[in-house]
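A look at the structure
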Amino acid sequence: MHPERIAADDQFEHGSGRAAELIAQHSSWRERLTILRRVPPTALPRLLGASFASLPRRVEPVQCEIATLDRYQEGLTELARYLSCPAPALPDACAHVERLLSSRGDCSGAIGASDVLFLHAFISVLAPDRVVEVGTLSGFSAAVLADAVAQHQLSQSSSVVVETIDLSQRCLTDQTKPVGFAIPQVVPGLSHRTRVHTGKDARHVEQIARAGELKAVFIDADHQHPRPTLDLIRVARFVEPRGWIIVHDINLGSAGERMAAAGTPFEHGAPFGAQWLFEAWPFEKISGGNIGALRLPPKLRHLVSFALAMLRIPAELEPLPARRTVEAFITALVEMTT
Ligand SMILES: C[S@@+](CC[C@H](N)C(=O)[O-])C[C@H]1O[C@@H](n2cnc3c(N)ncnc32)[C@H](O)[C@@H]1O
């Protein structure tokens, strides 16, 4: 068998789903070398071996979808067991989530109801001091995060609970309003503890967090491959070893295909970027349906061969932004491994 096929088949066996198939299809020596040609010479020794290494063995996600409010407590207990954390005693948590869900209708483009339940339960169990979010829009998911973080803190506390970052200044689904406009409406008591950073992308995390500081980051920004993976690579060094990256829309691509087949395609498209990232992730992961949590490996260098494999899957972008995204990706990878 040709050596290129050996490498590709080996990776295919170790992956899962369509993303693994795509990685296998794009694992020729030529494709690996094409990417390595874009790496600065000083970083080449670090990335060369990783580019030809096999990916870690296949991992299936733990399933923990929380579809309805009456499953919230049960889901929270399951997540606590999986994360080896004590289940938090939060007698008001269900009432909080119910209030959050009732404000969702005013926030077009926000995460869905079962995503709210998973996100709130996951953060309630993890009990971080502060969470960073990439992709604010109206600020609804930022409000969910703020509520979950603040539950563990004294009511008179004034520390920041959420830092949320968005490339835009105006809310894309309602240009008459600023990004994050819904935060004071959804969590009035916490808006002074939520900071909105507009006109920025995931690189801004460097300005607001120390290396290895965060327990969790939520990514819900540009879903076109490889941008969700780029966001992950950009924020990973600010997350603690074995910390968590939560990713939204991990079923968007497949849902879009089903809708298109039924003759009602999604108006704004349905990219696969977050879905492929979740499917191919070779470390621990938890699926909450259309939202998932990815656990970082103990050392960030363990991420490099995976990231390079993801970069070989063709981008869901026009040629010029695709080229720029590859450059940004390699820069972020070099920074992550420095
Ligand atoms: C799906 S919406 C976020 C929805 C929000 N998380 C919620 O559930 O309420 C995606 C947002 O990401 C922003 N965005 C797109 N690309 C970005 C990037 N590269 N960095 C940061 N934000 C980005 C868009 O402006 C948009 O507001």
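This report concerns the structure included in the present document. Remember, predicted model here, so these are calculated numbers, not experimental data.

On to the overall build of the chain, then. When helices and strands are tallied, the chain shows 15 helices and 10 strands. Rg of the C-alpha trace for the chain: 20 Å, near the compact-globule value of 20 Å for 338 residues, within the 12% margin. Expressed as lengths along the three principal axes of its C-alpha atoms, the size of the chain is roughly 60 × 45 × 45 Å. Taken across its 338 residues, the chain has 54% of its residues classed as buried. Expressed as a percentage of contacts within the chain between residues at least 6 apart in sequence, the contacts between residues at least 24 apart total 76%. Of the roughly 15000 Å² that the chain leaves accessible, carbon and sulfur atoms contribute 53%.

Another aspect to go through is unusual backbone geometry. Following His225, the chain continues to Pro226 via a peptide bond in cis, the omega torsion being 5°. The phi angle at Leu137 is positive, at roughly 55°, despite the residue not being glycine. Along the polypeptide, Leu137 turns up in the loop between strand 2 (131-134) and helix 8 (140-150). Judged by relative accessible area, which is 19%, Leu137 ranks as buried. Its identity is not glycine, yet Arg242 carries a phi of approximately 65°, on the positive side.

Using the criterion set out here, one finds zero disulfides in the structure. The structure places no disulfide on Cys107, whose sulfur is separated from the nearest cysteine sulfur, that of Cys171, by 8.4 Å. With a relative accessible area of 4%, Cys107 lands in the buried category.

All right, on to the nonpolar core then. Residues Val217, Leu232, Ile245, Trp281, Leu303 and Leu333 are the most contacted members of the largest nonpolar core, which totals 57 residues. If one sorts the elements of this core by residue count, helix 15 (residues 319-337) sits on top with eight residues. Contact partners of Val217, with chain neighbours within four places excluded, come to Val132, Val134, Val235, Val239, Trp244, Ile245 and Ile246. Residues Ala121, Leu137, Cys171 and Phe218 belong to the second largest nonpolar core, which totals 49 residues.

Let us look at the site of the ligand. Taken together, 19 residues surround the ligand, and among them Ile111, Gly135, Ser141, Asp166 and Asp220 come closest. Here a nitrogen atom of the ligand and a backbone polar atom of Gly135 are 2.9 Å apart. In the complex, 89% of the free accessible area of the ligand, which totals 600 Å², lies under the protein chains. Of all the cavities here, the one that holds the ligand is the largest pocket. Elements represented by at least two residues in the shell around the ligand include exactly strand 2 and helix 8. Residues belonging to the shell around the ligand are distributed by class as follows: eight nonpolar, five polar and six charged.

The next point concerns the packing of helix 6 (residues 93-103) against helix 8. Packed helix pairs are characterised by how far apart their axes lie and by the angle those axes make with each other. The geometry of helix 6 relative to helix 8 is characterised by a closest axis approach of 11 Å and an angle of 170° between their N-to-C directions. Judged by the inter-axis angle, helix 6 sits roughly antiparallel to helix 8. Along the contact surface, helix 6 presents His96, Leu100 and Ser103, while helix 8 presents Phe140, Ala143, Val144 and Asp147. For the contact of helix 6 with helix 8, the class distribution of residues is four nonpolar, two polar and one charged.

Thresholds applied
- Residues numbered from 1 in each chain as written.
- Predicted model: local features only at pLDDT ≥ 70, side-chain atom pairs only at ≥ 80, totals over all residues.
- Heavy atoms only, no water.
- Helix = DSSP H or I, 4+ residues; strand = E, 2+ residues; numbered from the N terminus.
- Rg over C-alpha atoms; globule rule 2.2 N^0.38 Å.
- Buried < 20%, exposed > 50% of the residue type's maximum accessible area, 1.4 Å probe, protein only.
- Contact = heavy atoms within 4.5 Å.
- Areas by Shrake-Rupley, 256 points an atom, 1.4 Å probe, with all protein chains shown as cover.
- Disulfide = S-S within 2.5 Å.
- Core = buried A, V, L, I, M, F, W, Y, C linked by side-chain atoms within 4.5 Å.
- Near = heavy atom within 4 Å.
- Polar contact = N/O pair within 3.5 Å; in protein donor to acceptor, adjacent residues only side chain to side chain.
- 1 Å grid on protein atoms, 1.4 Å probe; cavity = no way out; pocket = protein on both sides within 12 Å on 5 of 7 lines; lining within 4 Å.
- Sits in = over half its atoms within 2 Å of the grid points.
- Nonpolar A, V, L, I, M, F, W, Y, C, P; charged D, E, K, R; others polar.
- Axes fitted to C-alpha atoms, helices over the stretch in contact; angles between N-to-C directions.
- Parallel < 35°, antiparallel > 145°, perpendicular 65-115°, else oblique.

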